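# Observations on chain architecture
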Amino acid sequence: SNLSWLGYGCLKPDWTLIIVNSIGAALQSLYILVYFYYSPTKVGAGPAGSGGHRGPPTLTAPRCVPQRQVLLKVLMVLALLAAAYGYFTCYFTNEDTRRSHVGLFCSTFTVVMYASPLADLAKVIRSRSTRCLSFPLTVTTFLASSSWTLYGLWLKDPYIMVPNVPGIATSVVRLWLFWRYAPGRDNPYRPLHA
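An account of the accompanying structure is given in this report.

Cut-offs applied
- Residues numbered from 1 in each chain as written.
- Predicted model: local features only at pLDDT ≥ 70, side-chain atom pairs only at ≥ 80, totals over all residues.
- Heavy atoms only, no water.
- Phe/Tyr/Trp six-rings, centres within 6.5 Å; stacked < 30°, edge-to-face > 60°.
- Buried < 20%, exposed > 50% of the residue type's maximum accessible area, 1.4 Å probe, protein only.
- Helix = DSSP H or I, 4+ residues; strand = E, 2+ residues; numbered from the N terminus.
- Expected span 1.5 Å × (residues − 1).
- Contact = heavy atoms within 4.5 Å.
- Polar contact = N/O pair within 3.5 Å; in protein donor to acceptor, adjacent residues only side chain to side chain.
- Patch = residues over 30% accessible without salt bridge, like charges linked within 9 Å, V, L, I, M, F, W, Y side chains within 5 Å.
- Areas by Shrake-Rupley, 256 points an atom, 1.4 Å probe, with all protein chains shown as cover.
- Salt bridge = Lys/Arg side-chain N within 4 Å of Asp/Glu carboxyl O.

Evaluation of the coordinates by the stated rule reveals six aromatic pairs. Chaining the aromatic ring pairs together yields one cluster made of Trp-5, Tyr-8 and Tyr-159.

Now the structure itself:
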């Protein structure tokens with residue numbers, strides 16, 4: 001997402017989009033590198049040398065995703081972005097047309113990103129527990145979506161404003177679920193030991 005918005009910022013040109021999404025792309029890359037460094041290489045294995053958790057997934061030992069699956073997904077997204085870049089560069093020579101098509105691509109990508117947790121919402125309602133949701137991530141998503149929506153309104157840029165509205169809406173729904181199914185009732189969180 002950051003890489004596509006970085007491309008849109010360069011076409012616009014908008015230094016806020018360029019700086020924020022350059023930092024975001026760098027942080028996402030760092031996160032992926034740290035994931036590969038610390039993650040197990042096969043399902044059910046723990047960190048290197050720890051012996052790992054061999055039983056079924058639990059709250060303290062979640063099911064591990066093989067590195068190969070994550071790597072394939074990352075490579076597919078990068079291939080999609082490279083193909084989109086080539087498509088927009090080769091087929092749209094008019095800069096305004098290219099900018100609007102890249103903006104629409106970024107908007108679609110953002111809406112899909114914000115819609116992805118909807119499957120977890122059904123699970124929360126069925127189980128009446130918010131264990132599978134992250135409260136800090138929900139608050140951060142609400143604040144970031146609100147900020148980008150206001151920035152899009154300020155610039156009068158629908159490609160920035162419109163796709164962030166679903167982020168606000170899904171965050172409000174998740175905040176309501178945290179209120180409705182408060183995590184203190186089933187006490188799923190344990191303090192971390194240093």
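Of note, Arg-128 is a non-glycine position whose phi angle comes to about 55°, a positive value. Arg-128 sits in the exposed class, given a relative accessible area of 57%. The backbone phi angle of Lys-156 is positive, close to 60°, even though this residue is not glycine. Within the secondary structure, Lys-156 is located in the loop between helix H6 (135-155) and helix H7 (158-161).

A few words on helix H2 (residues 15-38). Taking 1.5 Å as the rise per residue, H2 with 24 residues should run 34 Å; its terminal C-alpha atoms sit 34 Å apart, in good agreement. Residues Leu-17, Ile-18, Asn-21, Gly-24 and Ala-25 constitute the buried set of H2. On its buried side, H2 packs onto helix H1 (2-11), H6 and H7. The distance from a side-chain oxygen at the start of H2 to the backbone nitrogen of Thr-16 is 2.9 Å, and the residue carrying that oxygen is Asp-14.

So, on to a nonpolar patch on the surface. Together, Trp-15, Ile-19, Ile-23, Leu-27, Leu-30, Val-34, Tyr-37 and Tyr-38 make up an exposed nonpolar region whose accessible area comes to about 960 Å². Inspection of the secondary structure assignment puts Tyr-37 in helix H2. Since its relative accessible area comes to 64%, Tyr-37 is described here as exposed.

Tracing the backbone through its elements, the reader meets Trp-148 in helix H6. You can call Trp-148 partly exposed: its relative accessible area is 21%. Remark: the alpha-carbon pair of Trp-148 and Ile-160, spanning 12 residues in sequence, is separated by 6.6 Å.

Quick look at the side chain of Asp-157 now. Position of Asp-157 relative to the elements: it lies in the loop between H6 and H7. You can call Asp-157 buried: its relative accessible area is 4%. With sequence-adjacent residues up to four places away left out, Asp-157 is seen in contact with Tyr-8, Lys-12 and Gly-152.

A few words now on the pattern of salt bridges. Evaluated as defined, the whole model comprises three salt bridges. With a closest N to O distance of 2.9 Å, Asp-157 and Lys-12 form a salt bridge. Placement of Asp-157 in the loop between H6 and H7 and of Lys-12 in the loop between H1 and H2 is noted, with a sequence separation of 145 residues between them. A salt bridge links Glu-95 to Arg-99, with the shortest nitrogen-to-oxygen separation between them at 3.8 Å. Taken together, the residues span about one helical turn, with Glu-95 and Arg-99 both in helix H4 (residues 95-115) at a distance of four residues. One network of salt bridges, with partners in common, ties together Glu-95, Asp-96 and Arg-99.

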